Amino acid sequence: MWLDEKARRSLLAGCRLCPRRCGADRLSGQGACGGGDRAVVAKVSLHPWEEPVLTGEKGAGTVFFSGCNLGCVFCQNYEISHQAKGVAVSDEELGRIFLGQQEAGAAVLDLVTPTHYAPQIINGIFFARQEGFSLPVAYNSSGYEDIASLELVKDSVDVFLPDLKYYDSGLAGQYSGAPDYFAVASAAIEKMVELAGTPLLDDRGIMTRGVLVRHMVLPGARKDSMKLLDWLWSSFGDDIYLSLMSQYTPMYRAKEFPKLGRRLTTFEYESVTDYAAGLGFARCFVQERSSADAAYVPDWDYAGPP
């Protein structure tokens with residue numbers, strides 16, 4: 001799929017790409033997400049710490065985008081999500097970045113926080129495919145997605161990798177500025193499953209189609225996690241992959257919120273993983289407790305196209 005200049009401008013001139021529907025003219029300014037006319041890239045790397053179905057021998061080919069349509073107070077990537085570190089690139093330059101990840105031996109192309117740059121990504125992938133790009137494309141998002149935008153990217157994306165952060169609207173409003181988060185994200189995940197279908201792995205064990213839902217357990221919120229698991233199991237059973245994350249680390253503004261100022265306890269995390277096992281989840285990844293460390297946050301060092 002290719003967006004001609006008229007279609008691209010139409011999507012960005014009064015932006016409705018995400019559930020914020022801010023209506024910003026991103027051709028001359030920025031949306032609520034911080035995004036403008038060109039995609040802003042903060043990091044390009046082979047990432048060995050994604051789930052095994054994404055990493056292969058050399059890692060997932062991550063492209064981290066700056067800006068975000070959520071406002072998470074504990075964001076570990078706050079320097080790019082809130083402070084806009086990164087380099088603006090054209091759609092064609094973005095396509096060359098994608099090709100570079102394939103040439104570097106990436107197992108998949110892992111687009112991190114892509115939502116607000118859907119038009120630029122569509123054109124970047126089209127350009128890359130014209131030049132021989134063939135990796136599975138993973139859409140690694142917050143889960144706070146607009147259904148029409150998911151339809152827009154369906155021919156460009158193979159794997160959806162959404163977060164599912166909260167069930168409770170109070171938590172979602174307080175911590176991410178999105179009290180409608182569960183209503184929006186649950187509908188988005190249903191759409192992702194419709195578009196991508198049952199997970200498929202190639203002969204290397206790399207995911208080439210399907211949905212992998214991530215949930216990071218938050219301190220003081222294990223019962224909210226269990227409600228999310230109930231919904232996921234009743235909705236999809238084992239027709240999705242699940243990743244339960246223990247990596248929460250108090251960063252950015254987390255210590256302004258009493259329950260977020262500490263790491264997760266072993267009891268909290270294991271009670272959630274045990275609950276998932278009790279429901280019947282078999283396609284479920286868990287994390288080592290040592291992953292809760294700021295050392296795992298990347299350096300935002302992308303210097304721009306060569």
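As the structure is a prediction and not an experimental result, all values here were calculated from the model. (Residues numbered from 1 in each chain as written. Predicted model: local features only at pLDDT ≥ 70, side-chain atom pairs only at ≥ 80, totals over all residues. Heavy atoms only, no water.)

Structural notes on the overall build of the chain
Part 1: Counting its regular elements, the chain contains 10 helices and 10 strands.
Part 2: Along the longest, intermediate and shortest principal axes, the C-alpha atoms of the chain span 50 × 45 × 35 Å.
Part 3: Of all 306 residues assigned to the chain, the portion counted as buried reaches 56%.
Part 4: Restricting the contact set of the chain to residue pairs at least 6 apart, pairs at least 24 apart contribute 73%.
Part 5: When the accessible area of the chain is evaluated, it comes to approximately 12,500 Å², of which 48% is carbon and sulfur surface. (Helix = DSSP H or I, 4+ residues; strand = E, 2+ residues; numbered from the N terminus. Buried < 20%, exposed > 50% of the residue type's maximum accessible area, 1.4 Å probe, protein only. Contact = heavy atoms within 4.5 Å. Areas by Shrake-Rupley, 256 points an atom, 1.4 Å probe, with all protein chains shown as cover.)

Topic: the packing of helix α9 (residues 222–236) against helix α10 (residues 266–279)
Part 1: Interhelical geometry of α9 versus α10 gives an angle of 20° and a closest axis separation of 10 Å. Here α9 lies roughly parallel to α10, going by the angle between them. For the pair α9 and α10, the crossing hand works out as right-handed. Only Phe267, Glu268, Ser271, Val272, Tyr275, Ala276 and Leu279 of α10 make contact with α9, whose side of the interface consists of Arg222, Ser225, Met226, Leu229, Asp230 and Trp233.
Part 2: Considering only residue class, the contact of α9 with α10 consists of 8 nonpolar, 2 polar and 3 charged. (Axes fitted to C-alpha atoms, helices over the stretch in contact; angles between N-to-C directions. Parallel < 35°, antiparallel > 145°, perpendicular 65-115°, else oblique. Left-handed = near helix turned anticlockwise from the far one by under 90°. Nonpolar A, V, L, I, M, F, W, Y, C, P; charged D, E, K, R; others polar.)

So, the pairing of strand β8 (residues 207–216)
Part 1: Counted residue by residue, β8 has 8 buried out of 10 residues, so it is predominantly covered.
Part 2: Sheet topology places strand β6 (residues 159–162) next to β8; 2 bridges connect them, and they run parallel. Considered in β8, the bridge of Val159 is made with Gly210.
Part 3: Examined bridge by bridge, strand β7 (residues 200–201) and β8 share 2 bridges and lie antiparallel to one another. Bridge pairing links Leu201 to Met207 in β8.
Part 4: The turn joining β7 and β8, which pair antiparallel and follow one another in sequence, is formed by 5 residues; a positive phi near 85° is taken by Gly205.
Part 5: Where β8 meets strand β9 (residues 241–245), 5 bridges bridge the pair, whose relative direction is parallel. Looking across to β9, one finds that Val213 is bridged to Leu242. (Pairing = 2+ DSSP bridges.)

Points about the environment of Leu70
Part 1: Here Leu70 shows up in the loop between β2 (60–65) and α3 (78–81).
Part 2: Taking relative accessible area as the criterion, Leu70 reaches 6% and is therefore assigned buried.
Part 3: Placed 73 residues apart in sequence, Leu70 and Gly143 show a C-alpha to C-alpha distance of 9.8 Å.
Part 4: For Leu70, the residues in contact, after removing those within four places along its chain, are Arg20, His82, Ser142, Tyr144, Lys165, Ser176, Ala178 and Tyr181.

With respect to the nonpolar core
Part 1: In this structure, Phe74, Phe98, Phe160 and Leu164 are the most contacted members of the largest nonpolar core, which totals 81 residues.
Part 2: Looking at this core, the element that brings in the most residues is helix α8 (residues 181–196), giving 10 residues.
Part 3: Here Phe98 is in contact with Val63, Leu109, Leu111, Ile121, Gly124, Ile125, Ala128 and Phe133, once residues within four sequence places are set aside.
Part 4: Counting 13 residues, the second-largest nonpolar core is a separate cluster that includes Leu54, Val108, Leu161 and Tyr241. (Core = buried A, V, L, I, M, F, W, Y, C linked by side-chain atoms within 4.5 Å.)

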